[in-house]
Amino acid sequence: MSAIATPAAEFQKHALTLAAAQSATIAQHNNSPAWMTTLREQGAADFARTPWPGRKTEQWKYTSLQSLQDFVAADWGAALVPAAGHEAVTTGSAVSSALLSFDATRLVFVDGVFDARASDALPSGMTLFSLADDAASKIIADNLGRVAGSVDAARRNLFSMLNNAWTRDGLLVHLPRSVTLEKPLYIAHVSSAAPANTEATVANQRVLVVMEEGSSAQIVEHYIASTPGQAAFVNALTEIQLGNNASLHHTRLNMEDEALSHVGAVHLNLQRDARFHGFTIAEGSRLKRIDYQMNHCGQGAELNLDGVYLARNKQLVDYHTTIEHRVPNGTSKEVFRGIIGDKARAVFNGRIHIHKDAQKTLAELNNRNLLTSNSAEIDTKPELEIYADDVRCAHGATISQLDETALYYLQSRGISPAQARVMLSFGFINELLQGLPHEDIKTALGTHLSALFAADRAFVSDGDVRDAAESA
Amino acid sequence: MLEINKLNAQVEDKQILHDLSLNIKAGEVHAIMGPNGSGKSTLGNVLTGRDGYEVLSGDITFNGKNLLDMGIEERAREGMFLAFQYPVEIPGVSNMEFLKAAVDARRKHQGLEELSSFDFMKLARDTSKNVSLDPSFLKRGVNEGFSGGEKKRNEIMQMMLLEPSLCILDETDSGLDIDALQVVASGVNAMRNSERSFIVVTHYQRLLDFIVPDYVHVLAGGKIVKSGDKELARELEAKGYGWLEGEVA
């Protein structure tokens, strides 16, 4: 009998075994550029020496990784290693119907592997890591990991390291100087049903967006599962480099169901006068953890991030956002709203760090939550660290209830109290939906969510939960 | 239409209305005037059934039914409409969605079919033009960012869409400039007919130049101290409310 390993050590061991097996397979196929080999090796080494987070790890204080550790029990031995050929991958009709339909360039990835048959042709400037020519390889090598690399070492993301270790492919979106992407880019990240010999799917998803000076684009990333109730672990990483005066609308839709664990991150660098308008939404599952790491690297950049999270049953959603104002004259506005019902939990940790040189920074952070059951829980923590003396900064977090006057107003027009509560609860998040740049997505999301609100009382406040609380 | 008989009502343990009686027949327009704090707004809230407005005694019959047995939404579906003094802003709920839900609820109660989205949108657009409200307001959140005048016009639009049998205008004229007042008044006048009754609650006589009432009542100290025709309003405008103080028991 060997010594009994802890579940955490067990997860790490599995993860590294998988990384090694994958590296070997990729080497066999001889389709891995040198930079990718380095990235994988470095990632595996970083991951191996980083302690597994526990309750005392600040970044994971409210989110247990127990469900991931349990996940190891399932056989996901060879899950990441590509099958005989990428062409074998194809999406079923179930997935096609889950995709949003709007006028866009559509790219579908299944478990991190490009599905050419379900996708439009790759537009100019976009390429798969595995097919990158020398020029594209150079862009990737110059930019990949740079965003994460600019973050304080202590705050580097454990799962981004694992994403590095597991990288076998990815998408490069490169916009040269002054280029405007005419159509929105719609990237669907699909987790497929587990193959017959395994119990679960592991998907490593990676996107690198490099936008040069004056370029502009709209990108929608949509995470979906092909089969309801499937067990899967998704590790998703999107890195975005916005050059001087570049502008990006980035929408991240995280709607996979209950059985799926998703750990995702968006790393963003803003150069001078760049503009980022982000929208992110997550429906809960056994584990959803999403980190936004955003850096003002050049003066005068503008950052807007709106977020929505919805958790019910025994789900968990955890958003951690960090904005680093390293330079003067930057603007940040972050608004997150959540509705938590049943025995679900949500975590929102919004950190704004204003460095001593970042004078004239304007930063706003607002988080509001509706708890619809007495067993629901929200841990919300705005975190401000300010070292510059001439800045304007506002932050607040509240646990709210539906407005009684609004309820009365709706009822006085003949609307039943039950319907009025659905309308007001949905309205609570719909306010943020209205900020989406794309009408079709707004409509598609609005339809999906209003159906969810009408069908499941978990997101509808009955007005009889805790008193409002206000944090400084 | 509406019979209020010896109504006593309180808010937060303070009695506001004392033995108030009022009888309104179909097609009549009654103005209720009175100084601040006389109970004018309380009357509107008691009639619509707002929480916190407690009826101590007395009864109210609305279209032959006991009003006090009905919930807030039931009264509305039966044809009662209160135009709010301060219409509520509801961001995130579109005006169109709100109006359709309200009209659907009323039609369903009347045994009518719900309007299709297409037909309703057309109706709503046409109606918004009748109150000089740009149809783009239908897409915005309910009253969200509307000016005072726009909010009041939105109230009148709701009234037109819901076609109530009893309309209560709670200080609809307060804060309106003369142009907005005329839009509101012509909307109300267009709806006057032999079946529909109005209670026009106001502090100022000015509104009654545009919406000419059949009866004027003065509310003071929670009861009606004087009733008359439209000439009473002019008298009040000239003399103020002071001369009636003696009438308060």
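Looking at an unreviewed UniProt entry, one finds chain B named ABC transporter domain-containing protein, with marine sediment metagenome as its source organism.

Going by what an unreviewed UniProt entry lists, chain A is known as FeS assembly protein SufD and is assigned to marine sediment metagenome.

## Points about the interface of chain A and chain B
Of the residues lining the interface, 18 residues belong to chain A; the matching set on chain B comes to 27 residues. Both sides of the chain A and chain B interface together cover about 2000 Å² of buried area, and 64% of this is carbon and sulfur. Three residues, Tyr408, Tyr409 and Arg413 of chain A, lead the burial of chain A against chain B; their summed loss comes to 41% of the area buried on that side. Linking chain A with chain B are one salt bridge, by the criterion used here. Arg413 of chain A is the partner of Glu155 of chain B in a salt bridge, and the nearest nitrogen-oxygen pair spans 2.7 Å. Taken together, chain A and chain B are joined by 11 residue pairs in polar contact (both at pLDDT 80 or more). Among the elements of the structure, α8 (404-411) and α9 (417-433) of chain A are those that each provide at least two residues to the side of chain A that touches chain B. Looking at the side of chain A that touches chain B element by element, the count peaks at seven residues for α9 of chain A. Residue composition of the side of chain A that touches chain B, grouped by class: eight nonpolar, eight polar and two charged.

## A short note on the confidence of the model for chain A
Residues and elements named next belong to chain A. Mean pLDDT over chain A stands at 85; residues scoring 70 or higher make up 87%. Overall, residues 83-89 carries pLDDT values under 50, and its contacts beyond four positions in sequence, including any with other chains, amount to eight contacts. Between residues 465-472, whose pLDDT stays under 50, and residues either more than four places distant or in other chains, the model counts 18 contacts.

## Details of the state of the cysteines
Residue and element names in this part refer to chain A. Counted according to the given criterion, the structure contains zero disulfides over all chains. No disulfide involves Cys297; its sulfur sits 18 Å from the nearest other cysteine sulfur, which is in Cys393. Relative accessible area serves as the criterion here: at 26%, Cys297 is assigned to the partly exposed category.

## Digging into the pairing of strand β9 (residues 166-170) of chain B
Residue and element names in this part refer to chain B. With five of its five residues buried, β9 lies for the most part within the structure. Alternating residues of β9 divide into Leu166, Ile168 and Asp170 and Cys167 and Leu169, and every residue in both groups is buried. Sheet topology places β9 next to strand β10 (residues 197-202); five bridges connect them, and they run parallel. By the bridge assignment, Cys167 is partnered in β10 with Phe198. Between β9 and its parallel partner β10, the chain crosses via helix α6 (residues 178-191), and the hand of that crossover is right-handed.

## Brief notes about the packing of aromatic side chains
All names here are of chain A. Evaluation of the coordinates by the stated rule reveals 18 aromatic pairs over all chains. With a centroid separation of 5.3 Å and an interplanar angle of 55°, the aromatic rings of Phe109 and Phe114 are classed as tilted. Given the relative accessible area of 3%, Phe109 is considered buried. By way of ring pairs, the aromatic residues Phe11, Trp52, Trp60, Phe159, Trp166 and Phe233 are connected into one cluster. For the cation-ring pair, Arg289 lies above Trp60, with the distance from its terminal atom to the ring centre recorded as 4.0 Å. The ring of Phe428 has Arg337 sitting right over it, with the charged end atom 5.1 Å from the ring centre.

Quick notes on the rules
Residues numbered from 1 in each chain as written. Chains lettered and ligands numbered in written order. Predicted model: local features only at pLDDT ≥ 70, side-chain atom pairs only at ≥ 80, totals over all residues. Heavy atoms only, no water. Contact = heavy atoms within 4.5 Å. Buried area = accessible area lost by both parts, 1.4 Å probe. Salt bridge = Lys/Arg side-chain N within 4 Å of Asp/Glu carboxyl O. Polar contact = N/O pair within 3.5 Å; in protein donor to acceptor, adjacent residues only side chain to side chain. Helix = DSSP H or I, 4+ residues; strand = E, 2+ residues; numbered from the N terminus. Nonpolar A, V, L, I, M, F, W, Y, C, P; charged D, E, K, R; others polar. pLDDT = per-residue confidence, 0-100. Disulfide = S-S within 2.5 Å. Buried < 20%, exposed > 50% of the residue type's maximum accessible area, 1.4 Å probe, protein only. Pairing = 2+ DSSP bridges. Right-handed = clockwise from strand over helix to strand, strands pointing away. Phe/Tyr/Trp six-rings, centres within 6.5 Å; stacked < 30°, edge-to-face > 60°. Lys NZ or Arg CZ within 6 Å of the ring centre and 35° of its normal.

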